[in-house]
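Summary of the model geometry
Spelled out from the first residue to the last, the chains are:
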Amino acid sequence: MNLLRFALRRLLFAVLVLASVLTITFVLSHLIPGNVLQAWLGRSAAQFPNLAAAYAQKYHLTDSIPVQYFYYLVNMLQGNLGISPSRGFIPVGQVISETLPFTLQIVFFSFIFSLAMGLLLGILAARYYRSPADNAIRLFYLGGYSSPPYFIAVILLIVFSFYLGILPSGGAYDVSLTTPSIITGLPILDSLLEGNLAYFQSAMVHVLLPSFSLALASFGIITRVARSSLLEVMQTDYIRAARAKGLSEGAVFFRHALPNASVSLITISSLIVTFLITGTIFVESVFAYPGMGQFVVTALAGLDYPGVLATTLVFAVVIVATNFVADVLYAYVDPQIRLG
Amino acid sequence: MGSRLRQVASLLRSNREAALGAVIVLAFAVTSLVVEAGILLNLQVVPYSPIQQNVGPLLASPSLAHPFGTDSLGRDLFSRIIYAMPNDVAVGYVVVASALAVGSVLGSFAGIYGGIADELLMRFTDVFFALPVLVLAMVIALLLGSGVTNMMIVLAIVWWPPYARLARGEALKVAHQNYIEAARLSGLKARKLIFEHVIPNISGTLLVYATLDIGTVILTYSGLAYVGLAVRYPYPDWGLMVSDYNAYVLSAPWLPLFPGLMISLGVIGFSLLGDGIKETMEKR
């Protein structure tokens, strides 16, 4: 099977998974105890009967379940995710388009940090297998992945913002600066494209602590996999052959062992992204970072069902998309996968 | 089971890390039992009442009288932390036990008998893997309402799919071994075959995974507690304490640090113990 056919098959699978997720959120939204309108509109449902009626009509809440399901799908596909009681009844779609870019910024940088730190320490641990350095690295990542992300965030906040005073304690940028116009939608990238360096610098400084908190909580998975797959590769025949050719130990390690061990990292990278995106729920609230994670927390507290369900969908879309990319990348690197 | 206990005992003697893990796990379990017994018998086993205000000065730093300091309402942090321990510990054990039970039965059935049941289980778990467990738990939590017991139920609902996958894979490995084939050919009922022959033979791998997994459950539960879904005020909970005491990160940094540290310590305990058991199993 060629790569394109493999990719198409995985794409079809991704669409099926998302369709199931939509069905699950639909079922969950109808399991809400009591009156659905009450749940979606909060107290306003009783205060403003007209609003409640209009809302029921707009979302076809009085129709039969299959009809409601049809309109639910149509609404979702059109990006119409309902209105958010916890954000003053503005459309959930608007809240998400305002907050998601910030969350994606944290996910992107924490992924880079996590990968860099995880790989570096994994290589070191494998290179100095069973030495004190290996043990120290193990202790470090064990502490990291055993700690809730919000706890790591609090420690970094105390050390870097309050004790050392070198990084800001909250927010996504200095609010006195002019915000960049929307090009890609990601403020950090847009400010760079526009040449708004003051904003770029401020946004970078603000994204450091939240991203680093998540990286510290997740790099252990990468270190662990990198270390064990490197150790495994070092035992194989082709490494013995490379050594027999008279290659230096460094050349054997970096030119032959490392590329082969990195294949296994692709499969866990989608796991890491899932971890990072759910982790934003916690670090954003510690650093008052205006992303979607913080919206989830306020939506939960305000019993904002449309908000919580819509963010669940967005999380699922991001995760399914990463899994798809990882699958295709994996098949590209390792032909055995697409043949199998 | 006796031979397994002996194996664990010899592991603890030879592996210092696993022994440390076992000490932490045991200390947490015993403390939790004592606290629970104290609640049942109406005895106060912690130095101060965890909810009584003004038992000491406000925001006092750690001292002999208040080893972890006091909070903004003058409550003793040490008492609050110990009192909250059974929440995390109980959720960890109960959720993993239920996932282990559901997952091993469904997974071994799918693995041994294959067919539509197998296909359905695989596709169903595929969908589960695409959804972040924590977010799914939050949605269900909104429907069920908050509370420690409800969080146990919520996590039990979302936690079993990886166990089913693992059990299915392990069951496939043993499916064609002679003793299983023989049992099947002798016309043994599915229920008997699975409970008496398959599950006992795949339980080793599943139990190792479960030991490592209790820590993950505790982390996830502490996340649900952090966003306020687990415990009602004024009762203490580690995750909720970190969230509430965030406001004092500048004036009294020990307030969010100690409860956070307890979560990490508990999770590290299960990781060390689980890793040790896994290493010994792989060596054989």
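Residues numbered from 1 in each chain as written. Chains lettered and ligands numbered in written order. Predicted model: local features only at pLDDT ≥ 70, side-chain atom pairs only at ≥ 80, totals over all residues. Heavy atoms only, no water.

Examining the interface of chain A and chain B
Facing the 42 residues of chain A at the interface are 36 residues of chain B. Of the roughly 3500 Å² buried where chain A meets chain B, counting both sides, 78% is carbon and sulfur surface. Considering only the surface of chain A that becomes buried against chain B, Y150(A), F151(A) and L300(A) emerge as the three largest contributors, covering 18% of it. Linking chain A with chain B are three salt bridges, by the criterion used here. Measuring nitrogen to oxygen at the nearest pair gives 2.7 Å for the salt bridge that ties D275(B) to R224(A). Between the two partners, chain A and chain B, sit six residue pairs in polar contact (both at pLDDT 80 or more). At the level of secondary structure, the elements contributing two or more residues to the side of chain A that touches chain B comprise α1 (3-30), α7 (132-145), α8 (149-163), α13 (263-286), α14 (292-301) and α15 (305-333) of chain A. By residue number, the principal contributor to the side of chain A that touches chain B is α15(A), which donates eight residues. Taken together, the residues of the side of chain A that touches chain B break down into 32 nonpolar, eight polar and two charged. (Contact = heavy atoms within 4.5 Å. Buried area = accessible area lost by both parts, 1.4 Å probe. Salt bridge = Lys/Arg side-chain N within 4 Å of Asp/Glu carboxyl O. Polar contact = N/O pair within 3.5 Å; in protein donor to acceptor, adjacent residues only side chain to side chain. Helix = DSSP H or I, 4+ residues; strand = E, 2+ residues; numbered from the N terminus. Nonpolar A, V, L, I, M, F, W, Y, C, P; charged D, E, K, R; others polar.)

A word on the packing of aromatic side chains
Residues and elements named next belong to chain A. Scanning the model with the defined rule gives 23 aromatic pairs over all chains in all. Relative to F113, the ring of F109 lies with its centre 6.5 Å away and its plane at 40 degrees, an arrangement referred to as tilted. Of this pair, F109 and F113 both sit in helix α6 (residues 92-127), separated by four residues, roughly a single helical turn. The partly exposed category is assigned to F113, whose relative accessible area is 23%. Here the aromatic rings of F113 and F212 are separated by 5.8 Å at their centres, their planes lie at 70 degrees, and the arrangement is edge-to-face. Of this pair, F113 sits in helix α6 while F212 is found in helix α10 (residues 197-233), placing the two residues 99 residues apart along the sequence. Given the relative accessible area of 30%, F212 is considered partly exposed. Among the aromatic residues, those joined into a ring-pair cluster are F102, Y173, Y199 and Y289. (Phe/Tyr/Trp six-rings, centres within 6.5 Å; stacked < 30°, edge-to-face > 60°. Buried < 20%, exposed > 50% of the residue type's maximum accessible area, 1.4 Å probe, protein only.)

Section: helix α9 (residues 190-226) of chain B
Residues and elements named next belong to chain B. Spanning 37 residues, α9 covers only 43 Å between terminal C-alpha atoms, well under the ideal 54 Å at 1.5 Å per step. Most pronounced at S203, the bend in α9 amounts to some 50 degrees. At the C-terminal side of α9, G228 shows a positive phi close to 90 degrees. (Expected span 1.5 Å × (residues − 1). Bend = angle between axes of the 7 residues up to and from the residue.)

Notes on a nonpolar patch on the surface
Residues L26(B), V30(B), V34(B), L40(B), L41(B), L43(B) and V45(B) make up a contiguous nonpolar surface patch of about 720 Å² in total accessible area. Tracing the backbone through its elements, the reader meets V30(B) in helix α2 (residues 16-40). (Patch = residues over 30% accessible without salt bridge, like charges linked within 9 Å, V, L, I, M, F, W, Y side chains within 5 Å. Areas by Shrake-Rupley, 256 points an atom, 1.4 Å probe, with all protein chains shown as cover.)

Things to note about the nonpolar core
Side chains that are nonpolar tend, in soluble globular proteins, to be buried together. I281(A), M138(B), L155(B), V227(B) and W238(B) are the most contacted members of the largest nonpolar core, which totals 158 residues. For this core, the leading source of residues is α9(B), giving 14 residues. Mapped onto the domain boundaries, this core takes at least three residues apiece from domain 1 (2-91) and domain 2 (99-339) of chain A. Apart from the residues within four sequence positions on either side, I281(A) is in contact with G293(A), V296(A), V297(A), F315(A), L134(B), V135(B), M138(B) and V227(B). A126(A), I239(A), A242(A) and A261(A) belong to the second largest nonpolar core, which has twelve residues in total. (Core = buried A, V, L, I, M, F, W, Y, C linked by side-chain atoms within 4.5 Å. Domains from an automatic or database assignment.)

Quick word on the domain arrangement of chain A
Residues and elements named next belong to chain A. Segmenting chain A into domains produces domain 1 (2-91) and domain 2 (99-339). When each unit is reduced to the centre of its C-alpha atoms, the spacing between domain 1 and domain 2 is 31 Å. Between domain 1 and domain 2 lies a buried interface of about 2000 Å² when both sides are counted; carbon and sulfur atoms form 80% of it. In terms of surface lost to domain 2, no three residues of domain 1 exceed L3, F6 and R87, which account for 27% of the buried area on that side. Linking domain 1 to domain 2 there are one salt bridge. Close ionic contact of R10 with D327 constitutes a salt bridge, the shortest N to O distance being 2.8 Å.

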